[in-house]
Structure formats: C-alpha cells, structure tokens
Amino acid sequence: MTASISPTVAAVLEALATFQYLTPPQLLRLGVTTNEAHLYAALRRIASAGRKGNLAARLDFGAVPGLGRLAGLYHLTKAGAEVVAEMRRCEVEAVPFPRTSRKFHNDYRHRVACVDFHISLARWAAEAPASVDFFTAYFGRHSGQRSPPTHLALPEGGAINPDAVFQFTLAGDPPRPCLCLLEVNLTHDTKRTAEQIGG
C-alpha cells in the first residue's frame, strides 16, 4: 500500500498520526507541501466524502458568526493508521487515531489551539536542538477510560486534568529532560485557569 501513495500523502498521514487533528493551514505550517492546491488535492484523495476505505476523515464545522467558516479538521481512520503502521514498521495499535469520527463544536477552538502549541513545540525542538519525547493531549486515545489520558492523581488527594502532558529533552552532556503540563486558556479568566491547574 505504501508504494502507491505520494510523498505528500505520506507526509500528511505521518502528521495526522503525530498531532491527531489538523487543519489545512496547520498542515501547510508543518511543511507537508508548500503548494496549497497540491495539499487540497492530496486531502481529497484520502478523505473523499462517502467513499469507503478512506485513509483520513474530515470534520466540517461550518461557519460561526463573527469568525466566518471554520477550517475543516482531518484525522486518521483505521485504514490510515494501518498505512502509517506499515510505514513505521510497527503495530497499528501504536498509531493513535480517533475510534469515532464526531464533531466537537464547543471544543473546536480549544483543540486547534492545543495542536498549534504542539506544532510550535515540535518546530522549536527541531531548532533548539531538543527532542520531544512524548506529547499526550486531553483528546488523545484512551480505551474505555472515563478520565482523559492527561488525568493526574495528586499524592495529597484530588487530581488535575491539564490539556497536555509532555516532555522534551535538551541536547547536551548530560541531556536535560523537562516534564511539562499545558493548560490552554482562550479567555481572560485567569482565576478559572489557576483553579484547573491547582485541582
């Protein structure tokens, strides 16, 4: 299967496996291609509406008053995850993808902002130099768990649910790993953010 896909499609699939949800502008920012028309052609090939066996799915959120039409969000399907597993030579279980394809109107801007941060982190790490050891977002795959995958129980009781838990390691001798939590706030309500972080 991998022999029949173009380099652009392969780059898109790899990006979706890493970031899970991506808009076309985010894919361009990641450099999967420099040609916007080329990107949309690739997306049509892997996420055509009504076609079985698509490698990706597109979520359309329509228009919002004051913001205009929101960019569609793409994610891997099981078939797409299988192709990525073949490219990476790993088991498909190691490739994250949404088990259901459903819209999340109330979470759109927050989720896109979280992915924007992940992209910025990856780009910074490439220049630092540093490595992003892992990045687990609240919307990541979690099999049947009621709590998000970022749920952290506190030793003194209670818990916090950050938007992401990630670690990067700065190059050096010795290397310096840094474990971090991310909380994305799209409002000016800093009190609510502090309460979320503090449990």
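You'll find the structure just up there.
Keep in mind that what you see is a predicted model, and the values were worked out from it rather than measured.

**Points about the overall build of the protein chain**
Point 1. Helix and strand content of the protein chain: six helices and nine strands.
Point 2. The C-alpha radius of gyration of the protein chain comes to 18 Å, within 12% of the 16 Å expected for a compact globule of 199 residues.
Point 3. Seen along its three principal axes, the alpha-carbon backbone of the protein chain occupies a region of about 55 × 50 × 35 Å.
Point 4. Within the protein chain, the proportion of its 199 residues that are buried is 40%.
Point 5. When contacts within the protein chain are restricted to residue pairs at least 6 apart in sequence, those whose partners lie at least 24 apart make up 54%.

**Points about the pattern of salt bridges**
Point 1. By the definition in use, this model includes five salt bridges.
Point 2. Note that Asp107 is salt-bridged to Arg111, the shortest N-O span being 3.0 Å. Comparing Asp107 with Arg111 shows no difference in burial state: the two are buried.
Point 3. Connected via shared salt-bridge partners are Arg58, Asp60 and Arg69.

**Points about the environment of Ser120**
Point 1. For Ser120, the location among the structural elements is in helix α5 (residues 108–127).
Point 2. A residue is classified by how much of its surface remains accessible, and Ser120, at 32% relative accessible area, is partly exposed.
Point 3. For the pair formed by Ser120 and Asn54, sequence separation is 66 residues and the distance between their alpha carbons is 29 Å.

**Examining empty space enclosed by the protein**
Point 1. Scanning the model with the defined rule gives one cavity of 30 Å³ or more in all.
Point 2. Here the largest cavity defines a volume of roughly 50 Å³.
Point 3. Lining of the largest cavity is provided by Thr18, Phe19, Gln20, Val115, His118, Phe135, Ala137 and Phe139.
Point 4. Every element with two or more residues in the lining of the largest cavity is listed here: α1 (7–19), α5 and β5 (130–137).

**A closer look at the side chain of Asp107**
Point 1. Looking at where Asp107 falls in the secondary structure, it is placed in the loop between α4 (78–88) and α5.
Point 2. At 2.7 Å, the side chain of Asp107 forms a polar contact with the side chain of Tyr138.

Parameters and conventions
- Every residue gets a number counted from 1 within its own chain, in the order that chain's sequence is written.
- Per-residue local features of the predicted model are confined to residues with pLDDT of at least 70, and side-chain atom pairs are confined, for both listing and counting, to 80 or more; whole-chain, interface and lining totals are unaffected and use all residues.
- Side-chain calculation: all heavy atoms of the structure are included, whereas hydrogens and water are not.
- The secondary structure listing takes helices from DSSP runs of H or I that are at least 4 residues long and strands from runs of E that are at least 2 residues long, numbered from the N terminus.
- When we talk radius of gyration, it's over C-alpha atoms, and the globule rule is simply 2.2 Å times the number of residues to the 0.38.
- Exposure is judged per residue with a 1.4 Å probe applied to protein chains only, and the accessible area is read against the type maximum: over 50% gives exposed, under 20% gives buried, and values in between give partly exposed.
- Contacts were defined at the residue level, with two residues in contact if any of their heavy atoms lie within 4.5 Å.
- Whenever a carboxyl oxygen of Asp or Glu lies within 4 Å of a side-chain nitrogen of Lys or Arg, that contact is scored as a salt bridge.
- As defined here, a cavity is a set of points on a 1 Å grid over the protein atoms alone where a 1.4 Å probe fits but cannot get out. A pocket is an open set with protein on both sides within 12 Å along at least five of seven lines, and residues line them when an atom is within 4 Å of a point.
- Grid points are joined across faces, edges and corners, and a volume is the space filled by probe spheres set on the points.
- For the purposes of these results, a polar contact is taken to be a pair of N or O atoms within 3.5 Å, where, inside protein, one atom must be able to donate a hydrogen and its partner to accept one; residues adjacent in sequence count only when each atom of the pair is a side-chain atom.

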